[in-house]
Amino acid sequence: MSNNNLDQDLVEEIEYMINALTKSGFFNTDEILEILEDEFIEENVDFSQFDISLNEFDNSNFDKLDYVFNSLADKNIVAIHNCGYDIEEGVADAFELYVHLNNNKHTPDGFCFYTFEDVEEAILYDNLKITFGDFENNEDKALDIGKIVYDSLKSQDFKINWDGTINNQIEINPFKWDKSYDSQKEYEMEGAYDNFVGKRC
């Protein structure tokens, strides 16, 4: 089936997804194509008819965020870029990472992350939400984690909205998403693991 015959809603959905994946800066073109093929496997789409070109953003905001995420390992917090699609997946991934770290004799106090859904929101609305918590369901400890994450983000002159409770995410607003793809660096769970362990070598 040629793309000229595709349903307009489907075309818009594909174009939205391509826009989000390319602007996220986490995937190369082959990975984007694979994600699209998996997502639309039953639609018989010829993706060569779509423009899949990576962004050329300058990383100025992302570099500051990455610096904060790397530095949180020094405070015994594991910080994960692009962690799951939504918060539920993100929390599950954070706890899975905790198990891996624990098995290798590392015991982080807590975590923070943002999801791909949060990246999509940042691309569309120029704000980024950060989820945080501890690994013991201890509200006081979780709040301490939140304060450390908040202070670390403030130290890079980000403007932050947060009500100081564990009930709400920490929001960087404004945050213009400007990450470009870097084939030399791992992010997500693997990158967070390497960074946390690397600070202890």
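For the structure, see preceding data.
A. Examining the overall build of the protein more closely. Scanning the protein from terminus to terminus reveals seven helices and five strands. Secondary structure elements of the protein occur, N-terminal to C-terminal, as α-α-α-β-α-β-α-β-α-β-β-α. Sequence-distant contacts, at least 24 apart, represent 69% of the contacts inside the protein between residues at least 6 apart. Only carbon and sulfur atoms are counted for the fraction: they give 42% of the accessible area of the protein, which is about 10800 Å². Across the protein, the mean location of the 14 positive side-chain charges is 14 Å away from that of the 46 negative side-chain charges.

B. Region of interest: the sheet that holds strand S2 (residues 110-113). Strand order in the open sheet formed by five strands is S1-S2-S3-S5-S4, and the pairing between neighbours is mixed. What marks the edges here is a single partner per strand, and that holds for strand S1 (77-80) and strand S4 (160-161). Examined bridge by bridge, strand S3 (residues 128-134) and strand S5 (residues 170-172) share three bridges and lie antiparallel to one another. Bridged to Lys129 within S5 is Glu171. The strands that helix H4 (residues 87-103) touches are S1, S2 and S3; relative to S2, the one it contacts most, it runs at about 140°.

C. Main features of the packing of helix H3 (residues 60-72) against helix H6 (residues 139-154). H6 packs onto H3 with a crossing angle of 140° between their chain directions and a minimal axis gap of 9 Å. Between H3 and H6, the angle is such that the two are oblique. Considering only the axes of H3 and H6, their crossing is right-handed. Contacts between H3 and H6 involve Leu65, Val68 and Leu72 from the former and Ile148, Val149, Ser152 and Leu153 from the latter. Class assignment of the residues belonging to the contact of H3 with H6 gives a composition of six nonpolar, one polar and no charged.

D. Region of interest: the pattern of salt bridges. Per the counting criterion, the structure on display carries five salt bridges. With a closest N to O distance of 3.8 Å, Asp109 and Lys141 form a salt bridge. With a gap of 32 residues between them, Asp109 in the loop between H4 and S2 and Lys141 in helix H6 connect regions that are remote in the sequence. Look at the salt bridges and you will find they share partners, linking Asp109, Glu136 and Lys141 into a network.

E. Main features of the nonpolar core. Among the nonpolar cores identified, the biggest contains 44 residues, and Leu65, Tyr114, Ile130, Leu153 and Trp177 are the most heavily contacted of them. Mapped by element, the contributors of at least two residues to this core are helix H1 (8-24), helix H2 (29-39), H3, S1, helix H5 (116-125), S3, H6 and S5. Here the element with the most residues in this core is H1; it accounts for seven residues. Residues within four places of Trp177 in sequence aside, it is in contact with Lys23, Ser24, Phe26, Phe57, Phe62, Tyr114, Val119, Ala122, Ile123 and Leu128. The next biggest cluster of nonpolar side chains, apart from the first, holds 15 residues, and it includes Ile80, Cys83, Ala94 and Phe135.

F. Broad picture of H3. Taking 1.5 Å per residue, 13 residues should reach 18 Å; H3 reaches 19 Å between its end C-alpha atoms and fits that length. Residues Asn61, Phe62, Leu65, Asp66, Val68, Phe69, Ser71 and Leu72 constitute the buried set of H3.

G. Structural context of the environment of Val119. When you line up the elements, Val119 lands in helix H5. The exposure class of Val119 is buried, given its relative accessible area of 0%. Other than its neighbours up to four places away in sequence, Val119 contacts Ser24, Phe26, Tyr114, Leu128 and Trp177.

Basis of the calculations
Residues numbered from 1 in each chain as written. Predicted model: local features only at pLDDT ≥ 70, side-chain atom pairs only at ≥ 80, totals over all residues. Heavy atoms only, no water. Helix = DSSP H or I, 4+ residues; strand = E, 2+ residues; numbered from the N terminus. Contact = heavy atoms within 4.5 Å. Areas by Shrake-Rupley, 256 points an atom, 1.4 Å probe, with all protein chains shown as cover. Lys, Arg positive; Asp, Glu negative; His and termini not counted. Charge placed at Lys NZ, Arg CZ, Asp CG, Glu CD. Pairing = 2+ DSSP bridges. Axes fitted to C-alpha atoms, helices over the stretch in contact; angles between N-to-C directions. Parallel < 35°, antiparallel > 145°, perpendicular 65-115°, else oblique. Left-handed = near helix turned anticlockwise from the far one by under 90°. Nonpolar A, V, L, I, M, F, W, Y, C, P; charged D, E, K, R; others polar. Salt bridge = Lys/Arg side-chain N within 4 Å of Asp/Glu carboxyl O. Core = buried A, V, L, I, M, F, W, Y, C linked by side-chain atoms within 4.5 Å. Buried < 20%, exposed > 50% of the residue type's maximum accessible area, 1.4 Å probe, protein only. Expected span 1.5 Å × (residues − 1).

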